[in-house]
Amino acid sequence: MTEPKNRKGALAAHLNEPEKTVASGTATFVVGPYPARKARVREEGGANLRDPQARLDEAVGLARAIDLDVVEAFIVTLDDVRPSTYLGKGKVEELTGAIKASHIGLVVMDCALSPVQQRNLERAWGCKVIDRTGLILEIFGRRARTREGALQVELAHLAYQKSRLVRSWTHLERQRGGFGFLGGPGETQIEADRRIIQERMTRIERDLEQVKRTRSLHRASRRRVPYPVIALVGYTNAGKSTLFNRLTTASVMAEDMLFATLDPTARAITLPHGEKAILSDTVGFISDLPTMLVAAFRATLEDVVEADVLLHVRDVSHEDTEAQAADVETILRELGIDETRQRSLIEVWNKADLLDEAGRERLAALAVRKGEGPQPVLVSAQTGYGIDALLAEIEARIAAGRPVYRVDLAPTEGATLNWLYEEAEILRREEGEDGHIALTIRLSPDKEARLTRRCPGARRVAA
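Being a predicted model, the structure only gives us computed values, none of them experimental. (Residues numbered from 1 in each chain as written. Predicted model: local features only at pLDDT ≥ 70, side-chain atom pairs only at ≥ 80, totals over all residues. Heavy atoms only, no water.)

K.L.:
I would appreciate a short explanation of the pattern of salt bridges in the present structure.
P.N.:
Should the charged atoms of two oppositely charged side chains come close, the side chains can pair. Using the criterion set out here, one finds 15 salt bridges in the structure. Where E393 meets R397, a salt bridge forms, and the shortest distance between an N and an O atom there is 2.9 Å. Of the two residues, E393 and R397 both sit in helix α15 (residues 387–399), four residues apart, roughly one turn of that helix. In this structure E393 comes out as partly exposed when scored by relative accessible area, which is 25%. Accessibility expressed as a relative area gives 16% for R397, which makes it buried. Between R406 and E430 there is a salt bridge, with its nearest N and O atoms 3.4 Å apart. Highlighted residues: R406 in strand β11 (residues 404–409) and E430 in strand β12 (residues 425–431), separated in sequence by 24 residues. We classify R406 as buried; its relative accessible area is 18%. Judged by relative accessible area, which is 35%, E430 ranks as partly exposed. Each of R406, D408, R428, E430 and R459 takes part in one network of salt bridges that share partners. (Salt bridge = Lys/Arg side-chain N within 4 Å of Asp/Glu carboxyl O. Helix = DSSP H or I, 4+ residues; strand = E, 2+ residues; numbered from the N terminus. Buried < 20%, exposed > 50% of the residue type's maximum accessible area, 1.4 Å probe, protein only.)

This is the structure we're talking about:
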C-alpha cells in the first residue's frame, strides 16, 4: 500500500472513516474471559464480585444496546492471561472454527485487550475484535446528543485510539530525516499521528473547559436563587431516567437497555411542603467503566459532587444488585464523595413491581444487613409506588440542619406572611382569636438575614 502524501489529511480521514463504527445488525459473538477460582478472588477482596453468567449477560446487553446481532455468547474460564492473545491457543483455535462456521463479523471480548492482543485475535479469527472499553465507547458515541456529550465522547475515543495506532498504521514505514547517508531516522508516521491526535485532544479539552465554566456559572446562578440540587446516580439501566420522568413529568428517553441516555438533564420539582428543588439526571455507571470516560465526563459529574442530596438508584430486582451498588460507590469515591457525604445520600430501591416472593425475601435480608443506618426507600418508578415516601425523605434530608423559627405576625402583615409562604417551609400555623398568626417555619441559612429584617421578633426554636 502506498503511503499517503498528506499526513494530516490521511489521519483525519482515518479517524472519521465509516468502518470505525460497528454496523447495526452485525453477526456477533460475545466472549466472557473470566478468571478461575472466583471464590478465592472474592475472599481476597479481588476484582469483580459479579457472577460470571451475570457479567456475560451484561456484556450481551451492551452489544444489543447498539443493535448488534448476538449469535452466541461464551464464558471462557482462564487460569492465566496470555500476553499475545489473552486466551489460550486451544481456545483461540476452537473459536476460529465457530466464527467461520457462523460467518461472524465481530467478536466482543468482555475484558480490556492490549493493542497487540486485539491485533493478534483479529488475524487469527479473520474478523473485527473489540474489547469492553471499545464497546462502551461505541455506545456512548451513538447515544450522545448534545455538543457537550459529543465532545466528551470524542475526547475519550481519541485517548483510546491514540494507544492503538500501532494496530491501525502498521503498513506505514519509518520516515528518514536529514540528507545523504548520515541522516538518522526521523519522526515515524505513528509518532506524527499521535502528535496530530494529541493536538485535536488539546482543542477538545479547551472546549470542555468552556463547558466547565458555563456549568459553574449555572451552579452559581442556582446558588443565588437558590434551589437545593438533587442528583440521580446509579448503575446503568437501574431506572434513573424513568424515576426522573416520574418526579418531573418530563419525557427523557427511558428504555430497558444499557446507557439509554447519556446527556445530563435538569428539571425543577416541587417538594411536599412547597419548596422548589432542581433534579439532575446523570449518566449511568457500570463495572470496569473506562477511566478515560470518567475523566471525560468529570465536568458533567461535578453536579453530582456539589449536589445537596444524592439519590442512589438501585435495581433491586437484579440478582447482582449488591455488586452493582459496590461499583457505583467505588466511582463516587473516585469523584470525592466518601463516607462524610453519606448523610446526604438516599438509597432508592427501584423496580419493586418486578419482585417475586424470592426477591422480597432477598430484599428483606439486605435491609437487615444495613442495620441502624439510613434506611432505603422502596419505589417503583414505573407504577409510582413509594414516590410520596421518597419525596418526604428528600425533603427531610434537605431540611436536616436547617434552622427552625417561631414567627408571630399581626393581621396587617399580609406581605410578610406571603413572603414566608414563598420562601420558607411552613411546619405549623396557629391562628389566635384576635387575628394574630403564629408560624413555625424552617428556613435555608442564606435567607436568615432577610427573615431578621422582615421579622425582628422571630426567634429560633428546637426542630
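From this point on, the discussion continues.
K.L.:
How should the pairing of strand β8 (residues 309–315) be read in this particular structure?
P.N.:
The two faces of a sheet get side chains in turn, since along a regular strand they alternate between them. Along β8, seven of the seven residues are buried, which leaves the element largely enclosed by surrounding structure. Every second residue of β8 is oriented toward a common face, with V309, L311, V313 and D315 on one face and L310, H312 and R314 on the other, all of them buried. Sheet topology places β8 next to strand β9 (residues 345–350); six bridges connect them, and they run parallel. Note that in β9 the partner of L311 across the bridge is I346. (Pairing = 2+ DSSP bridges.)

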